[in-house]
Amino acid sequence: MLIQLLAIIAGFGLLIWGADRFVLGASAAARNLGVSPLLIGLTIVSFGTSAPEILVSVMASFNGNPGLAIGNALGSNITNIALVIGLTAVIVPLQVKSETIRREMPVLLMVTLLACALLLNGTLSVLDGLILLIGLFVMIGWTIYIGLSSRKEDPIADEFADEFPETMPASWSLFWLFFGIAVLVLSSRLLVWGAVGIATQLGISDLVIGLTIIALGTSLPELAASISCVIKDEHDIAIGNIIGSNMFNILAVLSMPGLIAPGAIQTEVITRDAPFMLILTLVFIFMARGLHKTGLINRIEGSILLLLYCGYQALLYFTI
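Each residue is numbered by its place in its chain's sequence as written, counting from 1. This being a predicted model, a pLDDT of at least 70 is required before a residue's local features are given, and a value of 80 or more before pairs of side-chain atoms are given or counted; all residues contribute to the totals for chains, interfaces and linings. Working from all heavy atoms in the structure, the side-chain values ignore hydrogens and water.

Trainee: Whenever I open this one, helix α3 (residues 66-91) confuses me. Can you help?
Mentor: Each α-helix winds once per 3.6 residues, and so residues spaced three or four apart point in a common direction. Helical segments are the DSSP runs of H or I of at least four residues, strand segments are the runs of E of at least two, and each set is numbered from the N terminus. Every helix has an expected span of 1.5 Å times one less than the residues it contains. Taking 1.5 Å of rise per residue, 26 residues should cover 38 Å, and α3 covers 36 Å from first to last C-alpha, within 8% of that figure. For α3, the principal kink sits at N80 and spans about 30 degrees. A residue's bend is the angle separating two fitted axes: one through the seven residues that end there, the other through the seven that start there.

Trainee: Sorry, what's going on with helix α12 (residues 267-289) here?
Mentor: A rise of 1.5 Å per residue sets the reference length of α12, with its 23 residues, at 33 Å; its end C-alpha atoms lie 33 Å apart and thus fit the reference within 8%. Where α12 bends most, at D273, the angle is about 30 degrees, and the proline P275 comes one to four residues later. Directly after α12, the chain includes G290, whose backbone phi takes a positive value near 70 degrees.

Trainee: What am I meant to see in the environment of L202 here?
Mentor: Structurally, the position occupied by L202 is in helix α7 (residues 170-202). Per-residue accessibility, obtained with a 1.4 Å probe over protein chains only, is compared with the maximum for each type, and a residue is labelled buried under 20%, exposed over 50%, and partly exposed between these values. For L202, a relative accessible area of 49% gives the class partly exposed. Residues L202 and M1, spaced 201 residues apart in sequence, show a C-alpha to C-alpha distance of 9.4 Å.

Trainee: Is there a simple way to think about the packing of aromatic side chains in this case?
Mentor: Both the distance between ring centres and the angle between the ring planes are used here to describe each pair of aromatic rings. The criterion for an aromatic pair is that two Phe, Tyr or Trp rings (for Trp, the six-membered ring) have centres within 6.5 Å, with stacked assigned to planes under 30 degrees apart, edge-to-face to planes over 60 apart and tilted to the rest. Using the criterion set out here, one finds 8 aromatic pairs in the structure. For the ring pair W17 and W176, a centre distance of 6.3 Å and an interplane angle of 85 degrees mean the geometry is edge-to-face. On the criterion of sequence distance, the pair formed by W17 in helix α1 (residues 2-32) and W176 in helix α7 is long-range, its members being 159 residues apart. Judged by relative accessible area, which is 17%, W176 ranks as buried. Here Y317 and F318 contribute two aromatic rings whose centre-to-centre distance is 5.1 Å and whose plane-to-plane angle is 80 degrees, an arrangement assigned as edge-to-face. Per residue, the accessibility class of Y317 equals that of F318, and both read exposed. Chaining the aromatic ring pairs together yields one cluster made of W17, F175, W176 and F179. The ring of W176 is capped by R21, whose NZ or CZ atom sits 4.8 Å from the centre of that ring. Think of it as a cone above the ring: NZ of Lys or CZ of Arg counts as a charge over the ring if it is within 6 Å of the ring centre and within 35 degrees of the ring normal.

Now the structure itself:
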């Protein structure tokens, strides 16, 4: 078991570093092509922070462990909202000023409702995977439309402009882009191997491993990015990263087991995990939108989210 544990630790470390290199290379390449920082932030960065979950889902599905992939998709969304947003808001209350972000929130809710509806029949089929994959392209198109139609004075546009390097040689941007992808592929294989090995030895289902250890580990880039953003007073990016990441998790990550390893899903997904993800999403949107023009997730609300995360982990522990 020690070897598998070391594989998980190494896999997480390489996943985080590889995702960072991928985002750096892809963002610089897009900037060199004249793409606006706002569009880069709304698309490439959101995809990049979800890249660990996507690669882990693909590897787990090919290895015949779709439960791990499903748990990773749902668990990452739960972790992103309850732990990442909760902890970040406790450190610094999160203000939501961007109209762009507010327009993305209903899309996140619709995507979450779609996932719950597809899972209700107790299976994740190829058709379900195709629906989610089509939804991914629709969502990307909608996000690009939002970015193009957003006003230049939107606060998040300035925040993204400060985040990305003005120039990077094309050769270096392409190097980091493809090198990051290679690291992501290798580290995800290592992580899945270690996780499946530990689950087998402990007699724990792939689903629970995906909901807990894997979800927490693959959400570390979001946690690091959110804390870094609020320290730099970039609250809208912190919120926007989570919204984008959660949409990618559902549409890209959850579609993989349907397309690669379709079949029945565990009952707990329908009765426990998907409903909890939906409830958390509703709570998060209510907090972030607020009743006025500017939403605020304060420390009390952040603490509530953290308590919900701890309660969910306890529920998983007592229902193993």
